[in-house]
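These are the residues of each chain, in order.
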Amino acid sequence: MPKSSSLRRWLAAAVAGGALLAGAVQAQAKPPECIAPAKPGGGYDLTCRLAANGLQEAKLIDEPMLVTYMPGGIGAVAYNHVTGVRNDDPNLIVAASTGAALNLALKKFGAKQSVDDVRWLGALGVDYGAVVVRNDAPWQNLDELMQALKKNPSSVVIGAGGTIGSQDWMKAALMAKSANIDPRKLRYVSFEGGGEALAALLGEHIQVFTGDLAELKPQLDSGEVRILAALAEERQGGPYADIPTAKEQGYDVEWPIWRGYYMGPKVSDEAYQAWVERLRELSQTESFAKLREGRGLFPMSKFGNDFDQYVKQQVAGFSQLAKEVGLTQ
């Protein structure tokens, strides 16, 4: 039998050990969480729901994933929160997209924030940019439109959601650059969103709309619009099978709008790899394929180091373009 002082030390150690064990169990029991860096209902909400619903349906998580909202600074608030406050949380993933990569390139998350500040996890789906005109437009293909722009860049009114420097403007800028046209000479009209810009196209207020492929399906089905090019690496299937890519028409432009996730910079390799494998496994399930299609997304499966390199290359490309067109120095 231990002496009284030894007994006290033994009991204290046992209690402390029990508390540590309870703390570890509690940490493990914390539910998975996805932060959407915006208000409910937008693209980031969709991205978090894609993971939350998909993982639960595929039984790849033990309890439902929390979806929380952190709007502010077009993603900057969430980015700074994860890099500074919850930088080692193994249960937290954050929704991201091509827009986040663009904002990092334009330093809209802060002058000191970089693409290297987080761990890029993976992407589960993608949409693609599209060059759209009305069905009665004079241009039958992309080359005809580009030749018109070459003759007089300001003769064609291009419109889209977002101001100069936004994703939709970048699509137009890249198209111009591919034809050796100065993007700053384009006649561009800014709208609040893609829906408003599409309405302006149909109402003959603009002549070209640089939108997204999936959002155009209703107008494509009704014959109201003609999609001159999909900004994808290859043709998509189904109702989009007859739409040529810009690349196959001689203009080397792609604009994938990926839906993916990142984690804090100090998350352990073990926790990071566990999430990489979880998302990879999810992407291969039949139930997820149906879920992704129902959200209007095309397949994209990039995870771990492959995705990390992809995002960093994309940010570098955006940074270079931004300098070339005078958006940054």
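Before any of the text, the structure's been laid out above.
Report follows, based on the coordinates. This is a predicted model, so every value here is computed, not measured.

1. Focus: the packing of aromatic side chains
Each aromatic ring pair is described using two quantities: the centre-to-centre distance and the angle formed by the ring planes. Under the definition given, this model contains 10 aromatic pairs. Seen from their ring centres, Tyr79 and Phe109 are 5.1 Å apart, and the 45 degrees between their planes marks the pair as tilted. With Tyr79 in helix 3 (residues 76–84) and Phe109 in the loop between helix 4 (98–105) and strand 4 (119–134), this pair connects stretches of sequence that are 30 residues apart. With relative accessibility at 1%, the residue Tyr79 sits in the buried group. On the basis of an interplanar angle of 70 degrees and a centroid distance of 6.5 Å, the ring pair of Trp120 and Phe307 is categorised as edge-to-face. Here Phe307 lies in helix 11 (residues 304–324) and Trp120 lies in strand 4, a separation of 187 residues in the sequence. For the pair Trp120 and Phe307, a shared accessibility class is recorded, and that class is buried.

2. Considerations on the nonpolar core
Core analysis: the biggest nonpolar cluster contains 112 residues, and Trp120, Leu142 and Trp258 have the highest contact counts within it. In this structure Trp120 touches Tyr79, Ala96, Leu104, Val115, Trp258, Tyr261, Tyr262, Tyr272, Gly304, Phe307, Asp308 and Val311, once residues within four positions along its chain are discounted.

3. Some words on the pairing of strand 5 (residues 157–161)
For strand 5, the tally of buried residues reaches 5 of 5 residues, placing the bulk of the element in the interior. Two strands pair when backbone bridges link them, and strand 5 and strand 6 (residues 187–191) are joined in this way by 5 bridges, in the parallel orientation. Within strand 6, the position partnered with Val157 by the bridge is Arg187.

4. So, the packing of helix 2 (residues 43–57) against helix 10 (residues 286–294)
Interhelical geometry of helix 2 versus helix 10 gives an angle of 155 degrees and a closest axis separation of 9 Å. Compared by their axis directions, helix 2 and helix 10 come out roughly antiparallel. Note that helix 2 runs across helix 10; the crossing there is right-handed. Mapping the contact onto sequence places Leu50, Asn53, Gly54 and Glu57 in helix 2 and Ser287, Phe288, Leu291 and Arg292 in helix 10.

5. Brief notes about the layout of surface pockets
When its volume is computed, the largest pocket comes out at roughly 1300 Å³. For the largest pocket, the lining is made up of 48 residues, of which Gly43, Gln167, Asp212, Ile257 and Arg259 are closest to its centre. The set of elements that each furnish at least two residues to the lining of the largest pocket consists of helix 2, helix 4, helix 6 (167–178), strand 9 (256–263) and helix 10. For the lining of the largest pocket, the element with the highest residue contribution is helix 4, accounting for 4 residues. Split into classes, the residues belonging to the lining of the largest pocket amount to 16 nonpolar, 19 polar and 13 charged. Approximately 550 Å³ is the volume found for the second largest pocket. Together, 23 residues line the second largest pocket, and Glu254, Trp255, Pro256, Tyr310 and Gln314 are the ones closest to its centre. Listed by contribution, the elements that provide at least two residues to the lining of the second largest pocket are strand 4, helix 6 and helix 11. For the lining of the second largest pocket, the element with the most residues is helix 11, which contributes 8 residues. When its residues are assigned to classes, the lining of the second largest pocket shows 11 nonpolar, 5 polar and 7 charged.

6. Describing the pattern of salt bridges
Note on pairing: side chains with opposite charge can pair once their charged atoms come close. A complete count under the given rule lists 18 salt bridges for this structure. Notably, a salt bridge pairs Asp89 with Arg86, separated by 2.8 Å at the nearest N-O pair. A single burial state applies to Asp89 and to Arg86, both of which are buried. Across the pair Lys171 and Asp168 runs a salt bridge, and its minimum N-O distance is 2.6 Å. Placement of the pair is Lys171 and Asp168 together in helix 6, with a separation of 3 residues, close to one helical turn. A single burial state applies to Lys171 and to Asp168, both of which are buried. Counted as one network, the salt bridges with shared partners bring together Lys30, Glu33, Arg86 and Asp89.

7. Side note on the side chain of Gln113
When you line up the elements, Gln113 lands in the loop between helix 4 and strand 4. With relative accessibility at 11%, the residue Gln113 sits in the buried group. A polar contact is formed between the side chain of Gln113 and the side chain of Thr83, at a distance of 3.4 Å.

8. Let's talk about helix 9 (residues 269–283)
Its 15 residues give helix 9 an end-to-end C-alpha distance of 21 Å, which sits within 8% of 21 Å, the value for a rise of 1.5 Å per residue. Taken residue by residue, helix 9 has Ala271, Tyr272, Trp275, Val276, Leu279, Leu282 and Ser283 as its buried positions. Down the axis of helix 9, the buried side of the element spans an arc of 140 degrees, and every buried residue falls inside it. Exposed positions of helix 9 whose direction lies more than 90 degrees from the buried face are Asp269 and Glu270.

9. Quick look at empty space enclosed by the protein
This structure, assessed with the given rule, holds 2 cavities of 30 Å³ or more. Of the volumes computed, that of the largest cavity is approximately 60 Å³. Every residue along the wall of the largest cavity is listed here: Val131, Leu145, Met146, Leu149, Ile158, Ala172, Met175, Val208 and Thr210. Elements represented by at least two residues in the lining of the largest cavity include exactly helix 5 (142–151), helix 6 and strand 7 (208–212). With 3 residues, the top contributor of residues to the lining of the largest cavity is helix 5. Lining the second largest cavity, in full, are Pro37, Tyr44, Gly75, Tyr79, Ala95, Ala96, Ala100, Phe109 and Tyr262. Class assignment for the residues of the lining of the second largest cavity results in 8 nonpolar, 1 polar and no charged.

Cut-offs used in this document
- Residues numbered from 1 in each chain as written.
- Predicted model: local features only at pLDDT ≥ 70, side-chain atom pairs only at ≥ 80, totals over all residues.
- Heavy atoms only, no water.
- Phe/Tyr/Trp six-rings, centres within 6.5 Å; stacked < 30°, edge-to-face > 60°.
- Helix = DSSP H or I, 4+ residues; strand = E, 2+ residues; numbered from the N terminus.
- Buried < 20%, exposed > 50% of the residue type's maximum accessible area, 1.4 Å probe, protein only.
- Core = buried A, V, L, I, M, F, W, Y, C linked by side-chain atoms within 4.5 Å.
- Contact = heavy atoms within 4.5 Å.
- Pairing = 2+ DSSP bridges.
- Axes fitted to C-alpha atoms, helices over the stretch in contact; angles between N-to-C directions.
- Parallel < 35°, antiparallel > 145°, perpendicular 65-115°, else oblique.
- Left-handed = near helix turned anticlockwise from the far one by under 90°.
- 1 Å grid on protein atoms, 1.4 Å probe; cavity = no way out; pocket = protein on both sides within 12 Å on 5 of 7 lines; lining within 4 Å.
- Points joined across faces, edges and corners; volume = space filled by probe spheres on them.
- Nonpolar A, V, L, I, M, F, W, Y, C, P; charged D, E, K, R; others polar.
- Salt bridge = Lys/Arg side-chain N within 4 Å of Asp/Glu carboxyl O.
- Polar contact = N/O pair within 3.5 Å; in protein donor to acceptor, adjacent residues only side chain to side chain.
- Expected span 1.5 Å × (residues − 1).
- Arc of directions from axis to C-beta.

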